[in-house]
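The primary structure of each chain is shown beneath.
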Amino acid sequence: MSAPFVLEARGVVKYFGAVCALDGAQLQLADGEILALLGDNGAGKSTLIKCLTGVHRPDAGEIRVDGARLTMKSAADARAAGIETVYQDLALFDNLSPTQNFFAGREQVSGARLLGRLAVLRKRSMHAETLVALDRLGVRIPQDAATVGLMSGGQRQGIAVARAAAFAGRVVILDEPTAALGLRESRAVLDIVKRLPEQGISVILISHNLDHVTEVADRAVVMRRGRVVGEAVPSDETHEQLVGLIVNG
Amino acid sequence: MAILIVLFAVMTLLSSVFFTERNLQNLVMQTSVIAVLAVGQLLVIVTRGIDISVGSILGLSTITGGLAFGTAWGGSAVATILIMAGTGLAVGAVNGIAYVYGRMPNPLIITLATLGIARGLALIISGGDSVVGMPGLVVDLGSGLVGPVPWAGVFLLVVAGAASFLTRQTQWGAWIYAVGGNPEAAARVGMPVRRVLVSVYCLSGVCAGLAAVLVAGRTDSGFPQAGQLSELDAIAAVIIGGASILGGRGTVSGAVVGAFIIGTIRNGLNLLDVDPNWQLVTVGVVVALAVELDVIRAALERRFQAVQAGRGSAGASA
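Residues numbered from 1 in each chain as written. Chains lettered and ligands numbered in written order. Predicted model: local features only at pLDDT ≥ 70, side-chain atom pairs only at ≥ 80, totals over all residues. Heavy atoms only, no water.

K.L.:
Describe the overall build of chain A, naming the residues involved and giving the relevant values.
P.N.:
Secondary structure summary: chain A contains nine helices and 12 strands in total. The C-alpha radius of gyration of chain A comes to 19 Å, within 12% of the 18 Å expected for a compact globule of 249 residues. Here chain A holds 249 residues, and 50% of them are scored as buried. When contacts within chain A are restricted to residue pairs at least 6 apart in sequence, those whose partners lie at least 24 apart make up 64%. (Helix = DSSP H or I, 4+ residues; strand = E, 2+ residues; numbered from the N terminus. Rg over C-alpha atoms; globule rule 2.2 N^0.38 Å. Buried < 20%, exposed > 50% of the residue type's maximum accessible area, 1.4 Å probe, protein only. Contact = heavy atoms within 4.5 Å.)

Laid out in structure tokens, this is it:
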């Protein structure tokens, strides 16, 4: 008996009105795996991800985490289950420091029981932890930059990924993490992604860039018209096969 | 801060009266009112909002406080101060709740509405006349001295100190900057965005009520026209103090320095015998310039970010 999958979608169906976005999608993510999710625009990748992260509720089918069925009502439920998502549009706070971004919404405080929302921030501890987390993934940020708004796209993406990794117990989902980045910046982000399994985190990577997928992913699944139509271990040899699946199903 | 020092130097050169103990005390008493309003306004502006009702809240609070002082249940100084602050809290809560839960597109209209409502109520309740007589403590706060320092300045330090601590050191403080910087992301990471927004309008109202204590104390009375157009001074102080009208940026100390810049300009123009109406024109021009500078700064920052990103990828080929 093999270990249960960290995250699994079984026969997930999702309609938007009369439009069938997901038509019985299956997906299994193994422990410590980097899984690439491929497919043309409109293939259902984003909808599937949103079902896996509690943003959408499937009309049929089920989501399982560590083998146990999980019904999610909101994105907060997915986060509580250890699943973090890095969205394409980043969702960083440009006006805040890397540390403030890192701990946004889950600040470390003293005296919360007595003071509630007026509890005092533990700034030094948060700053130290942020530096450790960034360092562990090899994210380099300028020492003198006060706010992330003044950082480059790669540095910002690095912070977003590191934040997700730090708070995800199990799974980080990355939606086109290199789409807006230059060559060297993409390189740095891919290096970060490759290190996530070392920390016991499994990864789902959505990308249009097959070179990037080949470099970091252990396995690639291809979606088309709301279904998973095939999978392969991405390599130069399977490149043609994957392209064929994306285009023709 | 540099601007303030230059202003002080220029005024000292232009007017022999400016740098005298008596005028500086007077300056602190007048400016403390602007500064307390500005502290509340800062909290609102940090969250991308604006509160133009603070002048009217100030006026209404001097009336409710003055009338309460005349009755048995509001006779004590502490009760009078609490009633003024409470009046501010009540109107501020109306602003915040109507804006957030009424899903209004922006806070300008609701605070414009309460600007009218609070001023109207002040005139109705008072019958248009001033309410003479304030408790001794209130009079001391508005016009008394501790040694050479006006009590109003001490009062301001306490209010600004508390606000500074709240904004810099507490979780709530972290949240107001996050909500102002990126409201969608704030909601996504689970911050109670709506309650944060309501809280800043409540506190802005409380600050207006506290500013009313100083005004009522200085004149030993409540009067329905008190605080008219002082929202302009408060907003000007916040923007001059380095806060961004685009949200997410600004400090309490900056707002207080901004208030002293506005206060010094007004005081200086008075001493130089400039027609008081020109003070309004001057402050208005200063506000317009400060907002435009803020917009230009934001644009420059975006360009800097693009240059940074360009440098990052250019380094790859090297």
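What follows continues from the structure just given.
K.L.:
Summarise the overall build of chain B; cite the residues concerned and give the values.
P.N.:
The secondary structure content of chain B amounts to 13 helices and four strands. Against the globule reference of 20 Å for 318 residues, chain B gives a C-alpha radius of gyration of 21 Å, in line with a compact fold. Reported as C-alpha extents along the three principal axes, the dimensions of chain B are approximately 80 × 50 × 35 Å. Counting over 318 residues, chain B shows a buried share of 54%. Sequence separation of at least 24 residues holds for 78% of the intrachain contacts in chain B that already meet a minimum separation of 6. Accessible surface for chain B amounts to roughly 13,400 Å². Of this, 69% is attributable to carbon and sulfur atoms. Here chain B contributes 15 positively and 13 negatively charged side chains, and the mean placements of these two sets differ by 16 Å. (Areas by Shrake-Rupley, 256 points an atom, 1.4 Å probe, with all protein chains shown as cover. Lys, Arg positive; Asp, Glu negative; His and termini not counted. Charge placed at Lys NZ, Arg CZ, Asp CG, Glu CD.)

K.L.:
Pulling in residues and values, what's your account of the environment of alanine 90 of chain B?
P.N.:
All names here are of chain B. Examined against the element boundaries, alanine 90 turns out to sit in helix H4 (residues 77–101). Overall, alanine 90 belongs to the partly exposed group, its relative accessible area being 43%. For the pair alanine 90 and isoleucine 57, spaced 33 residues apart in sequence, the C-alpha separation works out to 9.6 Å.

K.L.:
Go over the sheet that holds strand E5 (residues 68–69) of chain A with me, naming the residues and quoting the values.
P.N.:
Residues and elements named next belong to chain A. Across the sheet, which stays open at both edges, the four strands sit in the order E2-E1-E4-E5 with antiparallel pairing between neighbours. If you trace the sheet from one side to the other, it starts and ends with strand E2 (19–29) and E5, each paired once. Both strand E1 (residues 7–16) and strand E4 (residues 60–65) contribute to a ladder of five bridges, which runs antiparallel. Across the sheet, leucine 7 pairs through a bridge with valine 65, a residue of E4. (Pairing = 2+ DSSP bridges.)

K.L.:
Describe in detail the layout of surface pockets, supporting the description with residues and values.
P.N.:
In this model, the largest pocket occupies a volume close to 1,200 Å³. What lines the largest pocket is a set of 49 residues, and nearest its centre among them are Asp94, Asn95, Leu96, Ser97 and Thr147 of chain A. Element by element, the count of residues in the lining of the largest pocket is highest for helix H8 (residues 171–181) of chain B, at six residues. When its residues are assigned to classes, the lining of the largest pocket shows 19 nonpolar, 21 polar and nine charged. (1 Å grid on protein atoms, 1.4 Å probe; cavity = no way out; pocket = protein on both sides within 12 Å on 5 of 7 lines; lining within 4 Å. Points joined across faces, edges and corners; volume = space filled by probe spheres on them. Nonpolar A, V, L, I, M, F, W, Y, C, P; charged D, E, K, R; others polar.)

K.L.:
Run through the state of the cysteines, naming residues and quoting values.
P.N.:
In the structure shown here, the tally under the stated rule is zero disulfides over all chains. In this structure cysteine 207 of chain B is not part of a disulfide, and its nearest cysteine sulfur, from cysteine 202 of chain B, lies 12 Å away. (Disulfide = S-S within 2.5 Å.)

K.L.:
Talk me through unusual backbone geometry; I want residue IDs and the actual numbers.
P.N.:
Located in the positive-phi region is arginine 225 of chain A, a residue other than glycine, with phi close to 50°. Its place among the elements puts arginine 225 of chain A in the loop between strand E11 (219–224) and strand E12 (227–232). By relative accessible area, arginine 225 of chain A is classed as exposed at 67%. Positive phi outside glycine occurs at arginine 48 of chain B, with the angle close to 75°. Along the polypeptide, arginine 48 of chain B turns up in the loop between helix H2 (21–46) and helix H3 (54–69).

K.L.:
Mind laying out the interface of chain A and chain B, listing which residues take part and the relevant values?
P.N.:
The interface of chain A with chain B comprises 30 residues on the first partner and 30 residues on the second. On the surface where chain A and chain B come into contact, there are zero salt bridges. For the pair chain A and chain B, the number of links is 10 residue pairs in polar contact (both at pLDDT 80 or more). Breaking the side of chain A that touches chain B down by element, the ones donating at least two residues are strand E8 (120–121), helix H6 (153–167) and helix H7 (183–195) of chain A. Considered class by class, the residues forming the side of chain A that touches chain B number 14 nonpolar, seven polar and nine charged. (Salt bridge = Lys/Arg side-chain N within 4 Å of Asp/Glu carboxyl O. Polar contact = N/O pair within 3.5 Å; in protein donor to acceptor, adjacent residues only side chain to side chain.)

K.L.:
Give me the pattern of salt bridges: which residues, what numbers.
P.N.:
Residues and elements named next belong to chain A. Taken as a whole, this structure holds 15 salt bridges over all chains when the rule is applied. With a closest N to O distance of 2.5 Å, arginine 156 and aspartate 94 form a salt bridge. Of this pair, arginine 156 sits in helix H6 while aspartate 94 sits in the loop between strand E6 (83–86) and helix H3 (98–102), and the two are 62 residues apart along the sequence. We note a salt bridge from glutamate 215 to arginine 187, for which the minimum N-O separation is 2.2 Å. Here glutamate 215, found in helix H8 (residues 210–216), pairs with arginine 187, found in helix H7; they are 28 residues apart in sequence, far enough to count as distant. Exposure remark for glutamate 215: the relative accessible area of 31% places this residue in the partly exposed category. Salt bridges sharing partners connect three or more residues here, namely Glu8, Arg10, Glu62, Arg64 and Arg69.

Just geometry here; none of it tells us what the structure is for.
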